[in-house]
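# Survey of secondary and tertiary structure
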Amino acid sequence: MTIELVVLDMAGTTVEEHGAVYQALAEAVTAAGGRPTEADIQRWMGASKREAITRLLAESTGHDPDEATVDAAFADFRARLDKAYRDRPPTPLPGVPEALARIRAAGVKVALTTGFDREVTTELLATLGWRVAPGAAPVDVADGVVIDASVCVDDVPVGRPAPYMIFRAMEATGVWDVARVAVAGDTVRDLQAGTNAGARLVVGVLTGKLDAVGLGAERHTHLLPGVADLPDLLGL
């Protein structure tokens, strides 16, 4: 059965942001009174950043933080991330622009999903120079569009590992059948979301913090060095 939609994570999967989100999250949680380890931060990567802050603080303190504390920590996270991105702007991972163009040239839609909110995502896409197609428009590789849809954590009721961002990407691109969807990401939560969605392909890519042992322990259909290798897997 032909794949009609490829759903990809952003940071660590399609975008090289030099670990800024990991560092900003760890520093914001620590400044708010948490004591997260590297393993703690990794466990929450791919999730909603507000949810990650809430749970990391709860794990450190033994009680749920109040809303004001979470709001302040999230604002701190955003400020730290903004500075990191200004100091060292994110770039596409090697081979990713070419892979996206190859996938779209074959008539397959491409959607990005992320644990970032819409404001951060819009700024990130602008930095990359990646235009998004309007609505579920037909694929046109000559229109300067790089992706067909972007879905943020604030577009859905719950972030990963829930499958809702994948379903929203299907809705945005006019794809009805999860058996025609491939999902790829660099975190455990990316793979869990793909599995929970029932996607035909659930692909782990090794361009993030996890190696083949760590990422491969989660249910998946394939492991690849990176998104640059995805067109070959799809036979495109």
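Now for a look at the structure at hand. (Residues numbered from 1 in each chain as written. Predicted model: local features only at pLDDT ≥ 70, side-chain atom pairs only at ≥ 80, totals over all residues. Heavy atoms only, no water.)

### Overview of the overall build of the chain
Put simply, the rule is: Numbering goes from the N terminus for both helices and strands, where a helix is a DSSP run of H or I of at least four residues and a strand is a run of E of at least two. For the radius of gyration, the atom set is restricted to C-alpha positions; the globular benchmark scales as 2.2 Å times the number of residues to the power 0.38. Each residue is assigned to one of three classes by its accessible area relative to the maximum for its type, calculated with a 1.4 Å probe on protein chains only: buried under 20%, partly exposed between the two thresholds, exposed over 50%. The contact criterion used is simple: two residues touch if any of their non-hydrogen atoms lie within 4.5 Å. Positive charge is attributed to Lys and Arg, negative charge to Asp and Glu, and no charge count is given to His or to the chain ends. Positions of charges follow a simple convention, taking NZ of Lys, CZ of Arg, CG of Asp or CD of Glu.
Along the chain, the regular secondary structure elements total 10 helices and 10 strands. For the chain, the C-alpha radius of gyration of 17 Å lies close to 18 Å, the compact-globule estimate for 236 residues. Its C-alpha atoms give the chain principal-axis dimensions of about 50 × 35 × 30 Å. Residues counted as buried form 50% of the 236 residues belonging to the chain. Pairs at least 24 apart in sequence give 67% of the contacts found in the chain among residues at least 6 apart. On the chain, the mean spot of the 22 positive side-chain charges and the mean spot of the 33 negative ones are 1 Å from each other.

### Description of the pairing of strand β7 (residues 149–152)
Stated formally: Any two strands are treated as partners once DSSP identifies two or more bridges connecting them.
Side chains A149 and V151 project from β7 onto one buried face, and the interleaved S150 and C152 project onto a second face that is buried too. Of the strand pairs in this sheet, strand β4 (residues 109–114) and β7 are connected by 4 bridges, and their pairing is parallel. What sits directly across from T114, in β7, is C152.

### Observations concerning the pattern of salt bridges
Here is the rule: Any Lys or Arg side-chain nitrogen located within 4 Å of an Asp or Glu carboxyl oxygen qualifies as a salt bridge.
Using the criterion set out here, one finds 16 salt bridges in the structure. Its salt-bridge partner being R43, residue D40 comes within 3.2 Å of it at the nearest N-O pair. Placement of the pair is D40 and R43 together in helix α2 (residues 38–43), with a separation of 3 residues, close to one helical turn. For D40, a relative accessible area of 17% gives the class buried.

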